[in-house]
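Listed below, chain by chain, are the residues.
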Amino acid sequence: MVWLLPGVLALLAVNAQFKAPARWRWRLRLLTLEFGHWLAVVCLCLAPWCWWVLGLVPVFLLPALQAANIAKKRGLVFSWLRLWFPRRKGRTVRVERRCFWREGEDQLDAVIYSPPGDGRSRTCVVALHTGGWDSGDAGEFVSANREIAASSDVVVCSIGYRLAPKHCWPTQREDLQRGVAWVRSNSNELGIDAEKIVLLGRSAGAQIAAACAFGLPELRMAGCIAVYGPPDMFFARKWSYPDDILKSLKLVQQYMGGDPEALSEAYRTASATEFISEQSPRTLLIHGGSDSMVWVEHSRRMSKLMSGITPCEYLELPWGDHGCDFFPTSPGGQLSLLAIRDFLRSTK
């Protein structure tokens, strides 16, 4: 086994250097990048038997080193200790699942993350899940949502939305409106301030969150956090391919109901970039610079378009792949959590 491990480590290091062409390689790459510090320890332990594995240590430590450097530049406190000894505040957060809308066979749930405390009016984060618009559930990202609730002292309501191809846009916009209305109508029970609601979306959920935060000013959002999402569906359709890791051409077409030539208004209302103005909510964009699924240029373009018009913070994780914020104590998880925490504190 000692002689087999160096070869496995070398393959993991090579796989981590390139965007993944398949989902299984993406999962392996994500784990390697976010937990490479542990693989570096394995390399050090193997060095007496196979000295060349020491050359892999910098590769595996690079995400943590880059995260620490970015945190320092931004005035954030990155914890090397948490990489090795995870301490999670979110364990004290109460998690409850409730139905907020039902019609026929369709049901939408909200998973509520409530931090301990005196029940005073808190900011509420309404979160939308990943899944390429045709899968996913409000109950995902449990650990990450727990940590956001605990570290920022906010209530997180992760809400579901109806899925493609059965339901095309703007059905998801209607579902988000229902979810926000439900949150506001239950603000006393949830212990939140109905006028301090921030939308947070990841991947497909980021597109929905941004489109609604920017395109529906009547929602009165206090902020928007879009994590590795496509905020411009015209741009997303232009760069969709039938044979990439997501089969993105099919995903976009079944979600939008067709192509922009026939559905220009649907594409417009689904694109936050079409509604950028001085009245747009404060925004935080987070994206991995090495994302295998959603091109980082989506968030870069959004940041540039918002520059000088309305406040926008952009955090790019150079090593980061899709889902880099999934593990709260990993380099991507820590940095994303710190940025979200500071953003939410500034909305209070």
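Look up: the structure comes first, before these words.
One structure accompanies this document, and this report is about it.

About the criteria used
Residues numbered from 1 in each chain as written. Predicted model: local features only at pLDDT ≥ 70, side-chain atom pairs only at ≥ 80, totals over all residues. Heavy atoms only, no water. Patch = residues over 30% accessible without salt bridge, like charges linked within 9 Å, V, L, I, M, F, W, Y side chains within 5 Å. Areas by Shrake-Rupley, 256 points an atom, 1.4 Å probe, with all protein chains shown as cover. Salt bridge = Lys/Arg side-chain N within 4 Å of Asp/Glu carboxyl O. Helix = DSSP H or I, 4+ residues; strand = E, 2+ residues; numbered from the N terminus. Buried < 20%, exposed > 50% of the residue type's maximum accessible area, 1.4 Å probe, protein only. Core = buried A, V, L, I, M, F, W, Y, C linked by side-chain atoms within 4.5 Å. Contact = heavy atoms within 4.5 Å. Pairing = 2+ DSSP bridges. Axes fitted to C-alpha atoms, helices over the stretch in contact; angles between N-to-C directions.

A few points about a nonpolar patch on the surface
Phase 1 of the analysis: A surface patch of nonpolar side chains, about 310 Å² in accessible area, is lined by Trp239, Tyr241 and Trp295.
Phase 2 of the analysis: For tryptophan 295, the position within the fold is in the loop between strand S7 (283-288) and helix H13 (297-306).
Phase 3 of the analysis: Overall, tryptophan 295 belongs to the partly exposed group, its relative accessible area being 35%.

Some remarks on the nonpolar core
Phase 1 of the analysis: Counting residues in each nonpolar core, the largest one holds 52 residues, and the members touching the most others are Trp169, Val183, Leu199, Ile208, Met233 and Met256.
Phase 2 of the analysis: No other element matches helix H9 (residues 204-215), which puts nine residues into this core.
Phase 3 of the analysis: Sequence-distant contacts of methionine 233, defined by excluding residues within four places in its chain, comprise Trp133, Gln207, Val252, Tyr255, Met256, Tyr267, Ala270 and Ser271.

Quick look at the sheet that holds strand S1 (residues 94-103)
Phase 1 of the analysis: The sheet built from eight strands is open, its strands ordered S1-S2-S4-S3-S5-S6-S7-S8 with mixed pairing. Strands with a single pairing partner mark the edges of an open sheet, and in this sheet they are S1 and strand S8 (312-317). For this sheet the average axis-to-axis angle between neighbouring strands, irrespective of direction, equals 20°.
Phase 2 of the analysis: Examined bridge by bridge, strand S5 (residues 192-202) and strand S6 (residues 223-227) share five bridges and lie parallel to one another. Looking at the pairing, glycine 201 lines up with alanine 226 of S6.
Phase 3 of the analysis: Its contacts with the sheet put H9 on strand S3 (122-128), S5, S6 and S7, and the angle it makes with S5 is roughly 135°.

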